[in-house]
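Here's the letter readout for the chains.
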Amino acid sequence: MKQRRSHRRLFWTLGVIGLVLFVLVGTWWGRNHHYLTQTRVQDTKTPTLFIPGYMGNKISFGGMIRRMDHYGIGTKAMVIHVTKQGNVQIDQQASLKQKNPLIQVLFQNNKQEHVEAKQLRQVLYILKEKYQVQKVNLVGHSSGGNIVFDYLTSPTAKTKQVPRVSKFVNIATNFPGNKTAGHLLPKQLYILNIAGDIWHLGSDGGIPVKQDLALKQIAASRVAAYREVVVHGSPLTVYHSMLHENGAVDQIIAEYLFKPL
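Below is a short write-up of the structure. Since the model is a prediction, treat every value here as computed from it, not as a measurement.

Here the focus is the nonpolar core. Ranked by internal contacts, the top residues of the largest apolar core, which has 37 residues, are Leu-49, Leu-127, Tyr-151 and Ile-191. Of all the secondary-structure elements, those providing two or more residues to this core are strand 1 (48–51), strand 2 (75–82), strand 4 (101–107), helix 3 (113–131), strand 5 (135–141), helix 4 (143–152), strand 6 (164–171) and helix 6 (215–219). Beyond its immediate stretch of four places on either side in the chain, Leu-127 contacts Leu-49, Met-78, Ile-80, Ile-103, Gln-132 and Val-133. Counting 27 residues, the second largest nonpolar core, distinct from the first, contains Ile-73, Val-169, Ile-171 and Val-238.

Okay, the pairing of strand 2 next. The buried fraction of strand 2 amounts to 6 of the 8 residues, a majority that puts the element mostly inside the structure. The pairing of strand 2 with strand 4 spans 7 bridges and is classified as parallel. In the strand pairing of strand 4, Ile-80 is matched with Val-105. Where strand 2 hands over to strand 3 (residues 88–92), the hairpin turn is made up of 5 residues, of which Gly-86 adopts a positive phi near 95 degrees.

What follows covers the pattern of salt bridges. Inspection of the entire model under this criterion finds 3 salt bridges. Between Arg-67 and Glu-245 there is a salt bridge; the shortest N-O distance is 3.2 Å. Of this pair, Arg-67 sits in helix 2 (residues 58–70) while Glu-245 sits in the loop between helix 7 (235–238) and helix 8 (247–257), and the two are 178 residues apart along the sequence. Since its relative accessible area comes to 10%, Arg-67 is described here as buried. Glu-245 gets classed as buried once you look at its relative accessible area, which sits at 14%. Between Arg-67 and Asp-250 there is a salt bridge, with its nearest N and O atoms 2.6 Å apart. Taken together, the positions of Arg-67 in helix 2 and Asp-250 in helix 8 put the pair 183 residues apart, joining distant regions of the chain.

What counts as what
- Residues numbered from 1 in each chain as written.
- Predicted model: local features only at pLDDT ≥ 70, side-chain atom pairs only at ≥ 80, totals over all residues.
- Heavy atoms only, no water.
- Core = buried A, V, L, I, M, F, W, Y, C linked by side-chain atoms within 4.5 Å.
- Buried < 20%, exposed > 50% of the residue type's maximum accessible area, 1.4 Å probe, protein only.
- Helix = DSSP H or I, 4+ residues; strand = E, 2+ residues; numbered from the N terminus.
- Contact = heavy atoms within 4.5 Å.
- Pairing = 2+ DSSP bridges.
- Salt bridge = Lys/Arg side-chain N within 4 Å of Asp/Glu carboxyl O.

Right, dumping it as structure tokens:
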């Protein structure tokens, strides 16, 4: 008898957990669907590279790229794998001449941002040399933003051997030690900086909003234009690692990247 009651409690508990998960997933999907069906962009033909953060993998930006592709905002065009030795392997899934081509960059050595920044240079060199890409956008999350910043402040970023970076979208990153590096950024660069703020507590659970927005002092006076957006919400939507799963963030990024300057 006791065993039956124990089983009933277990099934009841599992049922409640399942129901809660179903409601949460349904709410998340409906929210993202609402934002993305309202997003209107133009066909720019400018490839956008997505750079994940510390220990980033195919999941990091996979959802955002998949959603943008699904809702006709962009086209998932490539997945680029970079080995620890810096060898570049390209999995092309669509033409770079399709609408707003999206490129996911995955580093096997995904814990050393300075190494990844050097490897990003090789990725961009190949895109110009082999695919005649003249300009790109770069999107970085967390330390992925540091990778992009390190690249942009390197001499390579200003040479004709690599595509010109038109827009840089930074998501939830701080830039320790880079307070004086802003003068090295390309002057024609446009920057969008996104921070998450859980319940107006001043942090996304990983990066304090003030630390993220400190990029303004580093870059705003050095580039063509700087804009910042603080996204408010619950841990389900604006926690540090949930920002790139947030439909509102998708919309903000898409409208910034794929509309004329």
